[in-house]
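Results of the structural survey
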Amino acid sequence: MGGSTKLDAVPRWISTGSLIALGVGLSLFHVSHAVIHDEPPLTTLLGIALPFVLSIALVVLGYRLHRSDLSTAHTAVVAAWAGLGAVLMTGVVSVALVHQHLEGTELEAGIFLGATSISVAALFGIVAGRYDVQNRKKTTTIEALQESTAALTAATTVDDVCEEAVSIANRVLGLPISGIWLLEDDELVPTAVANPGRELFDSPPVYRRGNSLSWSAYESGELQHYDDVTRQPNVNNDETIIRAEIIVPLGEYGVMNVGSLQPDAFDSFDVTVARLLGTATTAALRRADREEQLRESRQELARQNARLEEFTSVVSHDLRNPLSVAMGRLELARERIDGEAGAEDLVAADDALERMRTMIDDLLELARQGQRVGDVESVDLESVAEASWQSVETDGVRLECVGTAAVEADEGRLRQLLENLFRNSVEHGSADRLDDPITVRIGPLGDAGFFVEDDGVGIPEHEREKVFDSGYTTNERGTGFGLATVRQIADAHGWSVRATDADGGGARFELRFVEDAVSSRATACAQ
């Protein structure tokens, strides 16, 4: 049959009126035949009454089709199928009658049988039309569901997803009473209920473990379909007005309930549609849940950054200013005080103030590195390493690149990380090796990250995790913030960092990526 859109133009009264008119015409024919011919009772019953009933059935079905909830297009489809059956049978009957006429056979009996055959063909057409309409409705329903999932995808919160899902169930799919219950504190709490469900219940129930069909479906993770819930032993409310029900688990989030006031209201197709909607809703809930968590994380990060800004402002102005004043006054005092003892005291005070300034600078850097990195780009590890090395007082220590790689990173942050690792090797690895400078090496870890190591004194195993703690240092002039800053920068990139032994017995720091962010290309370099 043609597309439904072409049949929308056919008025409903024409579609159903044509069936009724056909039935009335055939029934009048059978009545006139009975009046004109005086047949035996059995012949009257089988040959006249039965065909009359068939023609009246056409009238009744035409009227019921007019009163049905089918759309205008679907009504026209059913009528078209009935009309097609009648037309085809009329053609067959006409050919048979022409053949009988040519053979010289009496036509009256043939005409009567032909009218009966047309009634049967029209009835079969109605059956075929209803079947065709059901298939069309299923196709339309699936298409509507696919289109509606876009609205689910656009929902940005869990509550919005629930509201949109019950709206789709009620408005698009024609599932009469629908609602979603989400898990809260070991209870399934009503989150969204579509009309007419809101009007039927003053207060939708809360489902708890062991006292409801909904909890059983949630716990099992399997869709449940009940033709009559009042027959079930574990129903939440024995006096419920809901009879038929489909309960669809929504993963770890809860359940979707679809109900009807009539028993046996849902067929296998309704169950399939509910399952598909449940799958789409579960996926949308997971996505919305992740987005809500991400928004909360961003808001918390914004609050932390605001506190961090306030902190750095205090450190920068309220501490640095009086520190600068103290250092200036100390310089004036050195010009006025004579004597070796006084000079030594001033040198000690100057060292203490310088250490305070270094600690403030390192503390500010540590605070800033705790923020998330911005846009990352592919940077050359060798080039960044060489640039970082130029910013470190090396005291004769040599840098050696044993390979290079393209790293996805914030170049500025990566440079600060390497400067701190290089400075740590120079300051700590060179202890007791004044006449034998160490060598610092950097290179890729295949395609999983990169390392920085030295051949110095190394880090004792029991201290390898402590070295990343803020303020931890074994150098009397160190601040203890260098490696803490390294971990902060690594965390901001989503990398891991650990301290271990180098092959030559020194310290080795390995930075590994959560995802492959490095493509290794072998190339030797030395400095």
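See the structure above.
These remarks concern the structure in this document.

Looking at the overall build of the protein chain
Along the protein chain, the regular secondary structure elements total 13 helices and 15 strands. For the protein chain, the proportion of contacts with a sequence separation of at least 24, taken over those separated by at least 6, is 69%. Total accessible area on the protein chain stands at roughly 28200 Å², and carbon and sulfur atoms take up 53% of it.

A closer look at unusual backbone geometry
Located in the positive-phi region is D185, a residue other than glycine, with phi close to 55°. For D185, the location among the structural elements is in the loop between β1 (177-184) and β2 (187-193). In this structure D185 comes out as exposed when scored by relative accessible area, which is 76%. Positioned with a positive phi, D186 is a non-glycine residue whose angle comes to about 65°. Take D186: it is sitting in the loop between β1 and β2.

Quick notes on the side chain of E453
For E453, the position within the fold is in strand β11 (residues 449-454). Accessibility expressed as a relative area gives 8% for E453, which makes it buried. A distance of 2.7 Å separates polar atoms of two side chains, one belonging to E453 and the other to R508. Once residues lying within four places of it in the same chain are set aside, the contact partners of E453 are T439, V440, R441, A502, D503, A507 and R508.

Observations concerning a nonpolar patch on the surface
Taken together, the side chains of V31, F52, V53, I56 and V60 make up a nonpolar region of the molecular surface, amounting to roughly 360 Å² of accessible area. Relative to the elements of secondary structure, V60 occurs in helix α3 (residues 41-67).

Brief notes about helix α13 (residues 482-493)
An ideal rise of 1.5 Å per residue puts 16 Å on 12 residues; α13 measures up with 17 Å between its terminal C-alpha atoms. Taken residue by residue, α13 has L483, A484, T485, V486, I489, A490, A492 and H493 as its buried positions. One or two positions beyond α13, positive phi appears at G494, with a value near 85°.

Overview of the environment of L483
If you trace the backbone, L483 turns up in helix α13. For the pair formed by L483 and K466, sequence separation is 17 residues and the distance between their alpha carbons is 9.7 Å. With sequence-adjacent residues up to four places away left out, L483 is seen in contact with L421, N424, V467, F468 and F509.

Thoughts on the packing of aromatic side chains
Per the stated rule, a full pass over the model turns up seven aromatic pairs. For the pair W181 and Y207, a centre-to-centre distance of 5.3 Å together with 35° between the ring planes defines the contact as tilted. Residue W181 is located in strand β1, and its partner Y207 is located in strand β3 (residues 207-208); the two are separated by 26 residues in the primary sequence. Y207 shares its class with W181; the two are buried. Seen from their ring centres, F468 and F509 are 6.1 Å apart, and the 85° between their planes marks the pair as edge-to-face. With F468 in the loop between β11 and α13 and F509 in strand β13 (residues 507-513), the pair connects residues that are 41 residues apart, well separated along the chain. Taken together, F450, W495 and F513 form an aromatic cluster joined through their ring pairs.

Things to note about the sheet that holds β2
One open sheet accounts for six strands, arranged β3-β2-β1-β6-β5-β4; its pairing is antiparallel. The sheet terminates laterally at β3 and β4 (224-226), the two strands that pair on one side only. Against the sheet, helix α6 (residues 158-172) touches β1, β2 and β6 (254-260), its axis set at about 155° to β1.

Some points on the nonpolar core
The biggest cluster of nonpolar side chains holds 36 residues, and the ones touching the most others in it are L417, L418, F422, I442, F450 and W495. Considering each element in turn, this core owes the most residues, six residues, to helix α12 (residues 411-429). Apart from residues lying up to four places away in sequence, L418 is in contact with L381, V384, A385, S388, I442, F450 and V452.

Describing the pattern of salt bridges
A side chain of one charge can pair with a side chain of the opposite charge if their charged atoms are brought near each other. For the structure on display, the rule yields 17 salt bridges. The salt bridge involving D186 is made with R209; its shortest N-O contact spans 3.0 Å. Of this pair, D186 sits in the loop between β1 and β2 while R209 sits in the loop between β3 and α8 (213-220); the two residues are 23 residues apart in sequence, bridging distant segments of the chain. Taking the relative accessible area as the measure of exposure, D186 reaches 43% and is therefore partly exposed. For R209, a relative accessible area of 48% translates into the label partly exposed. Here the salt bridges do not stand alone but share partners, grouping E453, R498, R508, E510 and R512 into one network.

With respect to helix α11 (residues 381-389)
For an α-helix, the turn length of 3.6 residues means that residues three or four places apart are oriented alike. For α11, the set of buried residues is L381, E382, V384, A385, S388 and W389. Along the axis of α11, the buried residues cluster in a sector spanning 165°; they form a single face. For α11, the N-terminal cap is D380; the gap from its side-chain oxygen to the backbone nitrogen of E382 is 3.3 Å.

Overview of the side chain of S425
Mapped onto the secondary structure, S425 falls in helix α12. According to the relative accessible area criterion, S425 is buried, its value standing at 1%.

Quick word on the environment of L511
Inspection of the secondary structure puts L511 in strand β13. When near neighbours in sequence (up to four residues on either side) are disregarded, L511 contacts L417, L421, L445, A448, G449, F450, A490, W495, S496 and V497.

A few points about the pairing of β11
Walk down a regular strand and you will see the side chains alternate between the two sheet faces. For β11, a buried count of six out of six residues is recorded, marking the element as mostly surrounded by other parts of the structure. The alternating pattern of β11 places G449, F451 and E453 and F450, V452 and D454 on opposite faces, both of which are buried. The sheet contact formed by strand β10 (residues 439-444) and β11 spans five bridges and is antiparallel. For V440, the partnering residue across the bridge sits in β11 and is D454. Hairpin connection of β10 to β11: four residues between the antiparallel strands, including G446 at a positive phi of 60°. With five bridges joining them, β11 and β13 adopt antiparallel strand pairing. Within β13, the residue paired with F451 across the bridge is E510.

Reading the values: the criteria
- Sequence positions are assigned chain by chain, starting from 1 and proceeding in written order.
- With pLDDT at 70 or above as the cut-off, local features in this predicted model cover only qualifying residues; side-chain atom pairs require 80 or more to be listed or tallied, and sums for whole chains, interfaces and linings still use all residues.
- With hydrogens and water excluded, all non-hydrogen atoms of the structure serve as input to the side-chain values.
- Only runs of H or I of at least four residues qualify as helices and only runs of E of at least two qualify as strands under DSSP, and these elements are numbered from the N terminus.
- Contact between two residues is taken to exist if any of their heavy atoms lie within 4.5 Å; hydrogens are not considered.
- Under the convention used here, a 1.4 Å probe and the Shrake-Rupley method define accessible areas, while residue burial counts only the protein chains that appear.
- Using a 1.4 Å probe on the protein chains alone, a residue whose accessible area is under 20% of its type maximum counts as buried, one over 50% counts as exposed, and one in between counts as partly exposed.
- Whenever a nitrogen or oxygen atom comes within 3.5 Å of another N or O atom, the pair is scored as a polar contact, on the condition that within protein one atom can donate a hydrogen and the other can accept it, and that pairs from neighbouring residues in sequence are kept only if both atoms are in side chains.
- The patches described consist of residues with a relative accessible area above 30% and no salt bridge, like charges being joined within 9 Å and nonpolar side chains (Val, Leu, Ile, Met, Phe, Trp, Tyr) within 5 Å.
- For salt bridges, the criterion is a side-chain nitrogen of Lys or Arg within 4 Å of an Asp or Glu carboxyl oxygen.
- Helix span, expected: 1.5 Å multiplied by one less than the number of residues in the helix.
- Stacked, tilted and edge-to-face are the three classes assigned to paired rings of Phe, Tyr and Trp, where Trp is represented by its six-membered ring and a pair needs centres within 6.5 Å; plane angles under 30 degrees give stacked, over 60 edge-to-face, the rest tilted.
- The criterion for strand pairing is that DSSP finds at least two bridges linking the strands in question.
- In this analysis an axis means a line fitted to C-alpha atoms, helices contributing only their contacting stretch, and an angle means the value between N-to-C directions, from 0 to 180 degrees.
- The set of buried Ala, Val, Leu, Ile, Met, Phe, Trp, Tyr and Cys residues whose side-chain atoms join them within 4.5 Å is what this entry labels a nonpolar core.
- The directions considered for the arc run from the helix axis to the C-beta atoms.

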